[in-house]
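# Summary of the model geometry
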Amino acid sequence: MRLNAAAATDVGLQRRANEDCHAVAPDLALYVVADGMGGHAAGQLASDLACRAVVSRVSESVGPSSLSERLRGAVASANEAIFQTAAARPELQGMGTTVVALLASGARAAVAHVGDSRVYRVRDRSIRQLTDDHSLVGELVRRRQISPDDAREHPHRHVLTRALGVRGHVEPDLAEFALVAGDVFVLCTDGLTAHVSDDEMAKRVGEAGDDLQETAESLVDLANQRGGEDNITVALIRIEA
Ligand code: MN
């Protein structure tokens, strides 16, 4: 299957720096989005290291490994790169990042993630979130103690329960599935989902024409129109017939 992809990112209206990072590697059919955290420039460095390490490790992983095993290795390698860098430089201590990655081959794809950046699949105008947020509010939503709307307003909505680069080892969530022509995958950071609902995303993505870039930018614009409280990043990947 042929993949058509576009990505957009913006600092938003309230932050001084963009600590989100994304990588689009069409030759590998690999797409990565990361949302860094940490003081000074540490968040930017963490998300940048994550994107580079995932792309580099996937490009080296060939042979019989499954798509999800290749992503597992790539996430482990990214975790180590960030963790070692932070250990060597005291001013970077505590830096970390989320990561979501989608790797496709033939008619299959795998998704790996750590943290609260998300992957959605839009199929026939209905949207499904493929990732569970590794966050405090994500846990509370899954236990039905609060609603997804409550989660958007929760004072502790930025607290992660899993992040890349903070410990020596991290376990990503992995999923592998069949691709269907017409599917659109949305990889995004919480700066988008803080302001744009799943239904709104499904509508814009479902109505997207040939120019996916325009759709990606329109989603970023919408988040900014509603306050742009955080950095915003979105990658769209459409499976063409
Ligand atoms: Mn964010």
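Our subject is the structure that appears above.
This text gives an overview of the structure that appears in the document. (Residues numbered from 1 in each chain as written. Predicted model: local features only at pLDDT ≥ 70, side-chain atom pairs only at ≥ 80, totals over all residues. Heavy atoms only, no water.)

## With respect to the coordination of the manganese ion
Protein coordination at the manganese ion: the donors are D35 (OD), D190 (OD) and D230 (OD), at 2.1 to 2.2 Å from the metal. In the primary structure, the donors to the manganese ion are separated according to the pattern D-x154-D-x39-D. Separated by 155 residues along the polypeptide, D35 in strand β3 (residues 30-37) and D190 in helix α5 (residues 190-193) bring together distant segments of the chain. You can call D190 buried: its relative accessible area is 12%. (Donors = N, O, S within 2.8 Å, 3.2 Å for Na, K, Ca; no water. Helix = DSSP H or I, 4+ residues; strand = E, 2+ residues; numbered from the N terminus. Buried < 20%, exposed > 50% of the residue type's maximum accessible area, 1.4 Å probe, protein only.)

## Quick word on the nonpolar core
Core analysis: the biggest nonpolar cluster contains 31 residues, and L30, V32, V54, L71, M95 and L164 have the highest contact counts within it. Residue assignment for this core shows that the elements contributing at least two residues are β2 (20-25), β3, α1 (42-60), α2 (67-88), β5 (99-105) and β6 (108-114). Here this core gets eight residues from one element, more than from any other, and that element is α1. Sequence-distant contacts of V54, that is, excluding residues within four places in its chain, are made with L30, V32, A74, A78, V99 and A101. By size, the runner-up hydrophobic cluster in this structure holds 21 residues, among which are V186, C188, M201 and V234. (Core = buried A, V, L, I, M, F, W, Y, C linked by side-chain atoms within 4.5 Å. Contact = heavy atoms within 4.5 Å.)

## Considering the pairing of strand β11 (residues 232-240)
Counting buried residues in β11 gives nine out of nine residues, a clear majority hidden from the surface. On β11, burial covers both faces: I232, V234, L236, R238 and E240 on one face and T233, A235, I237 and I239 on the other are all buried. As paired elements, strand β1 (residues 2-10) and β11 share nine bridges and run antiparallel to each other. Bridge pairing in β11 links N4 to R238. Direction of pairing for strand β10 (residues 184-188) relative to β11: antiparallel, over a ladder of five bridges. Bridge assignment links L187 to a residue of β11, and that residue is A235. (Pairing = 2+ DSSP bridges.)

By themselves, these are just geometric observations and shouldn't be taken as functional.
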